[in-house]
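Working through the structure, step by step
Residues per chain are reported as follows:
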Amino acid sequence: MVVSDKKYDVIVVGAGHAGCEAALVSARMGAQTLMLTMNLDSVAQMSCNPAIGGIAKGHIVREIDALGGEMAKVTDRTGIQFRMLNKSKGPAVWAPRAQCDKKAYQFAMKEVLESQENLDLKQGEVREILVSGSAVEGVVTTIQTVYYAKAVIVTTGTFLNGIIHIGDVTFGGGRAGDKASCGLSGSLEKLGFEIKRLKTGTPPRLNARSIDYSELDAQTGDTEPVPFSYQTEKITQTQIPCHITHTSKKTLEIIRENIQKSALYSGKIQSRGPRYCPSIEDKVVRFADKERHQFFLEPEGRNTQEVYIQGLSTSFPQDVQIKLVRSIKGLENAELMRFGYAIEYDFFPPTQVKNTLEAKRIENLYLAGQINGTSGYEEAACQGLMAGINAVLKIKNKAPFVLARSEAYIGVLIDDLVTNGTEEPYRMFTSRAEHRLVLRQDNADKRLLGYGHELGLISNAQLEKFSRKQEKINQWIDRLKKIKHQQISMEQYLRRSEVKLQDVLGILNEAIGDQEVENQVEIEIKYSGYVSREMAMIDRLSQYEAKKVPEQLVYREVKGLGREALEKLEKTKPASLGQAARISGITPCDISLLAVHIEKIRRSKTATKLSS
């Protein structure tokens, strides 16, 4: 064994999207941080679609940015097509999305990491977590190097005992071209963690020179693209179009004729895959009445001919994949540069972590990303950010940082995971957030920038920039309340569904001159009534969230609890009555019994203090 002569505050295991955010935030908060990865050439690699954002995911990226994370900034630097999705619907579900240059994103993030003060990057595969008593103390690599630290964050993605499937061919791998991590799962299992398996997949990649684009519909980016980061003034780079195509009758025939050759249907894969991002064979079986399925051909970068086929994830054998692809309009002569595959990997049911993402079983050990059962770069990145923040706060003996469901999609995601766990790869949707009218992508700075500043991750200059913008928004709203039009205020006039802010500014013969401010003024006025009602509901629900459940509560002492409620409460160990109420199967009666018991404990402690 070789023991590193440098002791760290935080060690981050893995350099995917969760690992990058965890390492950066830890170092930026002043902790001496080490990032360990199996391959330094794969830092921040986009294993699947090189795209960031989308429905609900775009909200998360803007929240990461408002808290001082990096994903949004790197996306703005390396994006090749930007689109605001759902613009025909209400602003609560508008969602930014960007197709990125795959390698440019990877290299840009690696540059940020390598330039970060307090952060060391080293190549090494972790095989064992070192524990002293009930607390983590470091890690051991496969080449028997020991690194000691006060906290460890595990962000291993799909690498834990990963197995890749292409038809009846299987082999170990964390993703195609990279080996699996085969020791760490066993180490965690020995520490008492429960392990399960999940499955995900990816489509084949095509050579752009072999695609007949004249047969396809082009999809261009927005004329005035909206940046992801609040610190990016404007997107200036040239955008690249994507293209749309569909399955043909022949495609469906090929899939149905060869369905048993798919690893998914041959019985080789037993674990659960993502319900909302199924393979093409799964789509054809589950939606048998659907006559065609849509695909997006998305360039993987400016300096490569590789094209990603969004919607064509598959684990068919190679020969079937070739036939399938060439049955699609525009792809009749397509050359496959990489074959699609399915991958099974270990994950740790997330009810084993607290809402800080610290493991309940081992102190100062944090789990973040796909190891907790999530899918997607954005879901992973926000967990890495929160785990990094809480690891440093714990080391400094400061209060943990937990976002409520009413404050951020990040809060919704983590609460969903730690409260009810997941049996399939968890993906964020706007429908998961009960307060989505308040949690819009456009106001993430208003909701979270103050927290980022308190944590030392947002500079004074950044906060002042936001304050100036907010002041301008408030001034315009106040002004429109005072100016009369047709015997009502301009603010009331703008609330009418058919009236736009530009109509109001036309009447006033004025211009605001700042698109972001204009958007906020219009949204805040038009939805003020709905938002007020939403905030009142949040205030009522916050009373439940404020009632904390003692960490060492013995649930068997709560009189009247049924067996199911007892088992679920003991497993989850909710932090508050609000979280307890969200556990599947827990009834209002159970919550009442729990509340009465906690109150008895409180009164007993108070009486003891008074008597002493």
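What you see is a predicted model, and the numbers here were worked out from it, not measured in a lab.

**A few points about the sheet that holds strand β13 (residues 196-202)**
- Strand order across the open sheet formed by four strands is β12-β11-β20-β13, with antiparallel pairing between neighbours. Two strands close off the open sheet at either side, each with one partner strand: β12 (169-172) and β13. On average, adjacent strands in this sheet sit at an angle of 25° to one another, irrespective of strand direction.
- Here strand β11 (residues 163-166) runs beside β12; their pairing, made up of four bridges, is antiparallel. Its bridge partner being in β12, Ile 164 is matched across the sheet by Phe 171.

**Focus on helix α3 (residues 71-78)**
- The buried count for α3 comes to six of eight residues, which makes it a mostly enclosed element.
- Every buried residue of α3 is listed here: Met 71, Ala 72, Val 74, Thr 75, Asp 76 and Thr 78.

**Topic: empty space enclosed by the protein**
- This structure, assessed with the given rule, holds one cavity of 30 Å³ or more.
- Reported here for the largest cavity is a volume of approximately 40 Å³.
- Sorting elements by how many residues they give to the lining of the largest cavity places strand β5 (residues 79-85) first, with three residues.
- Here the lining of the largest cavity is composed, by residue class, of five nonpolar, no polar and three charged.

**Regarding the side chain of Glu 522**
- With respect to the element layout, Glu 522 can be found in helix α15 (residues 515-526).
- Non-local contacts of Glu 522, meaning those with residues more than four positions away in its chain, are made with Leu 494, Val 499, Lys 500 and Leu 501.

**Some details on the layout of surface pockets**
- In this model, the second largest pocket occupies a volume close to 1400 Å³.
- Looking at the second largest pocket, it is lined by 50 residues, and the ones nearest its centre are Asn 355, Lys 548, Ala 575, Ser 576 and Gln 579.
- Every element with two or more residues in the lining of the second largest pocket is listed here: α9 (377-395), α10 (409-420), α16 (528-546) and α18 (577-581).
- When residues in the lining of the second largest pocket are grouped by element, the largest group, seven residues, is from α16.
- Split by residue class, the lining of the second largest pocket holds 23 nonpolar, twelve polar and 15 charged.

**Thoughts on the pattern of salt bridges**
- Scanning all chains against the criterion turns up 41 salt bridges.
- A salt bridge links Glu 379 to Lys 57; the shortest N-O distance between them is 2.9 Å. With Glu 379 in helix α9 and Lys 57 in helix α2 (residues 57-66), this residue pair connects regions lying 322 residues apart in the sequence.
- A relative accessible area of 0% places Glu 379 in the buried class.

**Considering the sheet that holds strand β19 (residues 336-338)**
- The strand order across the open sheet formed by six strands is β15-β16-β17-β18-β14-β19, and the pairing between neighbours is antiparallel. Each edge of the open sheet is held by one strand with a lone partner, namely β15 (217-219) and β19. Taking the axes of each pair of neighbouring strands and ignoring which way they run, one obtains an average angle of 35° across the sheet.
- Note that β15 and strand β16 (residues 242-246) share three bridges and pair antiparallel. Residue pairing in the sheet places Asp 217 in a bridge with Ile 244 of β16.

**Structural notes on the environment of Ala 22**
- In this fold, Ala 22 is placed in helix α1 (residues 17-28).
- The class for Ala 22 is buried, based on a relative accessible area of 0%.
- Between the C-alpha atoms of Ala 22 and Gly 183, which are 161 residues apart in sequence, the distance is 22 Å.
- Residue contacts for Ala 22: discarding those within four places in its chain leaves Val 12, Ile 153, Gly 384, Leu 385 and Gly 388.

Conventions and cut-offs
Residues numbered from 1 in each chain as written. Predicted model: local features only at pLDDT ≥ 70, side-chain atom pairs only at ≥ 80, totals over all residues. Heavy atoms only, no water. Pairing = 2+ DSSP bridges. Helix = DSSP H or I, 4+ residues; strand = E, 2+ residues; numbered from the N terminus. Axes fitted to C-alpha atoms, helices over the stretch in contact; angles between N-to-C directions. Buried < 20%, exposed > 50% of the residue type's maximum accessible area, 1.4 Å probe, protein only. 1 Å grid on protein atoms, 1.4 Å probe; cavity = no way out; pocket = protein on both sides within 12 Å on 5 of 7 lines; lining within 4 Å. Points joined across faces, edges and corners; volume = space filled by probe spheres on them. Nonpolar A, V, L, I, M, F, W, Y, C, P; charged D, E, K, R; others polar. Contact = heavy atoms within 4.5 Å. Salt bridge = Lys/Arg side-chain N within 4 Å of Asp/Glu carboxyl O.

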